[in-house]
Number of protein chains: 2
Amino acid sequence: MDRLTKLREAIGGPHEAAAAEARRHLDALTKPPGSLGRLEELAVRLVALTGRAPCVASPVIFTLAADHGVVAEGVSAYPQSVTAQMVENFLRGGAAVNVLARAAGARVVVADFGMATSLGAPSGLVVRRVAAGTANLALGPAMTLAQAVEAIAAGAALAEEAIAAGADLLGTGEMGIGNTTAASAITAAITGAAAADVTGRGTGVDDAGHRRKIAVVERALRVNAPDPGDGLAVLARLGGFEIAGLVGVMLAAAAHRVPVALDGFIAGAAALVAATLAPAARHAMFASHRSAEPGHAVALRHLGLEPYLSLDLRLGEGTGAALFIPLALAAAAVYGEMATFKSAGVDGPA
Amino acid sequence: MDRLTKLREAIGGPHEAAAAEARRHLDALTKPPGSLGRLEELAVRLVALTGRAPCVASPVIFTLAADHGVVAEGVSAYPQSVTAQMVENFLRGGAAVNVLARAAGARVVVADFGMATSLGAPSGLVVRRVAAGTANLALGPAMTLAQAVEAIAAGAALAEEAIAAGADLLGTGEMGIGNTTAASAITAAITGAAAADVTGRGTGVDDAGHRRKIAVVERALRVNAPDPGDGLAVLARLGGFEIAGLVGVMLAAAAHRVPVALDGFIAGAAALVAATLAPAARHAMFASHRSAEPGHAVALRHLGLEPYLSLDLRLGEGTGAALFIPLALAAAAVYGEMATFKSAGVDGPA
């Protein structure tokens, strides 16, 4: 628990004075005040977090993979084998997150946090296996508290390695057949929303599968009955190893004042856990997009985060985080490169 | 009129067979079908327009500037001098559009289509002056039909030069103090919406200025009473030279089957004129974002276009078009670089 306590204690609030100075700077640039809308808000948040002009030179996306015992309940349209097959696809560079990260100039870190089948240690795969998949959360806790802490610590360590190597924007991604069920359960537990309001079709289950999935989430909440204020217990009882790893990435990002771009619904569930463990961590979180999964909007509202993109994505992997990077680059460019009214000799309002 | 007729006649509908093939290709890629949401829709639209895999290697943004006689009515928060001063800022690379275009790898073409004061011919400025600003549209036609055709032809010629030089995505931008008043009048005339519903605060007029601006738009519609089905008459009576130039850029893009990213409200008004002149031109148009100006949503609805970004931008210049480029690049990358289920050996739905 020591490692986690240290991380939580290192997380502080925004630099308010730097944010005010950032707003003054943006208003001096050659544009009507506020006319770049959320791009300006994004720039101010980046300054408030880091205390300096926004810079996105070395973004890294963490795509963490793990398997879920709850697939035994028939909650996914795809077989569990797809988790490992997609990880192999990530390692070959052929998946959506690879392609979008490349387009955005980001590095992708692919890590096995506990798939059902080990791939061994192929080149490019970071191996941080907690176990060969979680237990079935519909029947009892998905993992032990010790496993949850181990996965958080492993995720935090990965983030800290990247930050030490110069990463200035982290992105969260994941792969794990069955993990929208875990994310729905976590979101319901922490926000108090009904299972039916936060449980979607994931990779695309049919109507019967959707009803079954809602019932599984309801059962998981009944069986596990976690205290919504105890983030670690919620995570251990209803989560997944990759979700726990993402909690660690988020906490480490916040502790080091490095922005972390949340991907979609699974990342949103991890963010709920992270913000329960350390409320100030929200200042480091940037909601890249609003997923088509219904629970995502619920999670973002609870976190007080407004997404930047709304493209009906529901893929995960880190794809939304990758698409956010050009916006962060744009905000940094506006902040750092535009002329001021004074320097450009442009008249202000009449 | 010949030039315009030729352009209009060259504009055709989408390649439906290519679009169907594009959908099949996207469904074969390693992701649940449709899970990349609007990025997939964007890719399909690009294929339907061009008949080939999407490619964005050489984007060009046209930032056309002109002045507006209607500023005599006190409709803008900024003095008319700002149009030329901002054009000088564009030429030095210090404006928002320069910075965002640079971040997106786009070239910016800056053109004087009729500012009140000539800057001469400084390096980097394309001079296509139709006149030293339009007449006051609150009192009568902003320009003659011949001037409207001249400006459209000049815009089309600029676009065709760029396309001949390899441009594969065009963006539209503008600068002209007073031009949100012209855009409001055009939008009301073509869509039938009330002036009050399509007239916003532009660069930021106060309440009294906003009421005055709505009254000016109402007066312009009464005095000019254009036939909503006659795009050229609407443009000549209520438009601006830069708006007419953008109509030309859009028609040329559509005629050559090159995608054109619409910027904000002013570009939306130009698009309404272009689509009135040639309804099939809409297939070449991509609404980059939904502006904070209330008339923009009305224009996009009329055009049947759904914006890709919603960032509360209200700057113009081509900034929204620049922010759209990374999305187009992302759609092209997904389409061209992702592995298929078959090639990656990933199982399909169970």
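As the structure is a prediction and not an experimental result, all values here were calculated from the model. (Residues numbered from 1 in each chain as written. Chains lettered and ligands numbered in written order. Predicted model: local features only at pLDDT ≥ 70, side-chain atom pairs only at ≥ 80, totals over all residues. Heavy atoms only, no water.)

S.K.: Give a detailed account of the relation of the copies chain B and chain A, specifying residues and quantitative values.
M.R.: With an RMSD of 0.0 Å, the operation that places chain B on chain A is a rotation of 180 degrees combined with a shift of 0.0 Å along the axis. Taken together, the rotation angle and the small translation identify this as a two-fold axis. Mapped onto chain A, 100% of the interface residues of chain B are again interface residues, and the two copies thus contact each other with one and the same surface. (Least-squares fit on C-alpha atoms with pLDDT ≥ 70 in both. Contact = heavy atoms within 4.5 Å.)

S.K.: Can you tell me about the interface of chain B and chain A, naming the residues and giving the values?
M.R.: Chain B puts 54 residues into the contact, and the matching count from chain A is 54 residues. For the pair chain B and chain A, the two sides together bury roughly 4,200 Å², of which 65% comes from carbon and sulfur. For chain B, the biggest contributors to the area lost against chain A are B:Pro32, B:Tyr78 and B:Leu311; these three give 13% of the whole. One salt bridge connects B:Arg102 with A:Glu337, and the closest N-O pair in it is separated by 3.0 Å. Seen at the junction of chain B and chain A, the total is 18 residue pairs in polar contact (both at pLDDT 80 or more). Those elements that provide at least two residues to the side of chain B that touches chain A are helix H3 (37-50), helix H4 (81-92), helix H5 (96-104), helix H14 (319-337) and helix H15 (341-344) of chain B. Among the elements that take part in the side of chain B that touches chain A, H14(B) stands out by supplying 8 residues, more than any other. Here the residues of the side of chain B that touches chain A are counted per class, giving 32 nonpolar, 13 polar and 9 charged. (Buried area = accessible area lost by both parts, 1.4 Å probe. Salt bridge = Lys/Arg side-chain N within 4 Å of Asp/Glu carboxyl O. Polar contact = N/O pair within 3.5 Å; in protein donor to acceptor, adjacent residues only side chain to side chain. Helix = DSSP H or I, 4+ residues; strand = E, 2+ residues; numbered from the N terminus. Nonpolar A, V, L, I, M, F, W, Y, C, P; charged D, E, K, R; others polar.)

S.K.: Give me the lowdown on unusual backbone geometry, citing residues and values where you can.
M.R.: In the Ramachandran plot, A:Asp312 falls in the positive-phi region, its phi being about 55 degrees despite a non-glycine side chain. By secondary structure assignment, the location of A:Asp312 is in the loop between helix H13 (294-303) and helix H14 (319-337).

S.K.: I'd love a proper account of the packing of aromatic side chains, names of residues and values included.
M.R.: Within a pair of aromatic rings, the relevant descriptors are the distance that separates the centres and the angle that separates the planes. One pass over the structure, following the stated rule, counts 6 aromatic pairs over all chains. Between A:Tyr78 and B:Phe341, the aromatic rings sit 6.3 Å apart at their centres with planes inclined by 15 degrees, giving stacked as the arrangement. Of this pair, A:Tyr78 sits in the loop between strand S1 (59-66) and helix H4 (81-92) while B:Phe341 sits in helix H15, on two different chains. Taking 5.4 Å as the distance between ring centres and 50 degrees as the angle between the ring planes, the aromatic pair formed by A:Tyr308 and A:Phe324 counts as tilted. Residue A:Tyr308 is located in the loop between H13 and H14, and its partner A:Phe324 is located in helix H14; the two are separated by 16 residues in the primary sequence. Considered together, A:Tyr308 and A:Phe324 belong to a single accessibility category, that of buried residues. An aromatic cluster is built from A:Phe286, A:Tyr308 and A:Phe324, whose rings are joined through pairwise contacts. A:Arg45 extends its terminal NZ or CZ atom over the ring of A:Phe286, reaching a point 4.1 Å from the ring centre. (Phe/Tyr/Trp six-rings, centres within 6.5 Å; stacked < 30°, edge-to-face > 60°. Buried < 20%, exposed > 50% of the residue type's maximum accessible area, 1.4 Å probe, protein only. Lys NZ or Arg CZ within 6 Å of the ring centre and 35° of its normal.)

S.K.: Requested: an account of the pattern of salt bridges, with residues and values cited.
M.R.: Residues and elements named next belong to chain A. Counting across every chain of the model gives 18 salt bridges over all chains. A salt bridge links Arg3 to Glu160; the nearest nitrogen and oxygen atoms lie 2.9 Å apart. Here the residue Arg3 occupies a position in helix H1 (residues 2-9), and Glu160 occupies one in helix H6 (residues 145-164), the gap between them amounting to 157 residues. On the basis of relative accessibility, which here comes to 32%, the residue Arg3 falls in the partly exposed class. Salt-bridge contacts for Glu21 lead to Arg24; the nearest nitrogen and oxygen are separated by 2.9 Å. Taken together, the residues Glu21 and Arg24, both in helix H2 (residues 16-28) and 3 residues apart, mark about one turn of the helix. Using a relative accessible area of 52% as the deciding quantity, one classes Arg24 as exposed.

S.K.: Which residues make up the nonpolar core, and what values go with them?
M.R.: Within the largest apolar cluster, 288 residues are counted, with the highest numbers of intra-cluster contacts made by A:Leu170, A:Met250, A:Leu251, A:Met285, B:Leu170, B:Met250 and B:Leu251. For B:Leu170, the residues in contact, after removing those within four places along its chain, are B:Val60, B:Phe62, B:Ala159, B:Ile163, B:Val249, B:Ala253, B:Val258, B:Pro259, B:Val260 and B:Ala261. (Core = buried A, V, L, I, M, F, W, Y, C linked by side-chain atoms within 4.5 Å.)

S.K.: Could you give me a rundown of the sheet that holds strand S6 (residues 285-287) of chain B, with the residues and numbers involved?
M.R.: All names here are of chain B. Strands sit in the order S3-S2-S1-S4-S5-S6 across an open sheet of 6 strands; the sheet is parallel. What marks the edges here is a single partner per strand, and that holds for strand S3 (125-127) and S6. Sheet twist, expressed as the average angle between the axes of neighbouring strands with direction ignored, equals 30 degrees. Bridge count between strand S1 (residues 59-66) and strand S4 (residues 169-175): 7 bridges; the pairing is parallel. What sits directly across from Pro59, in S4, is Leu169. In this fold helix H6 (residues 145-164) packs onto S1, strand S2 (107-114), S3 and S4, with an angle of close to 160 degrees to the strand it touches most, S2. Contacts from helix H12 (residues 265-277) reach S4, strand S5 (260-262) and S6 within the one sheet, and its direction differs from that of S6 by about 150 degrees. (Pairing = 2+ DSSP bridges. Axes fitted to C-alpha atoms, helices over the stretch in contact; angles between N-to-C directions.)

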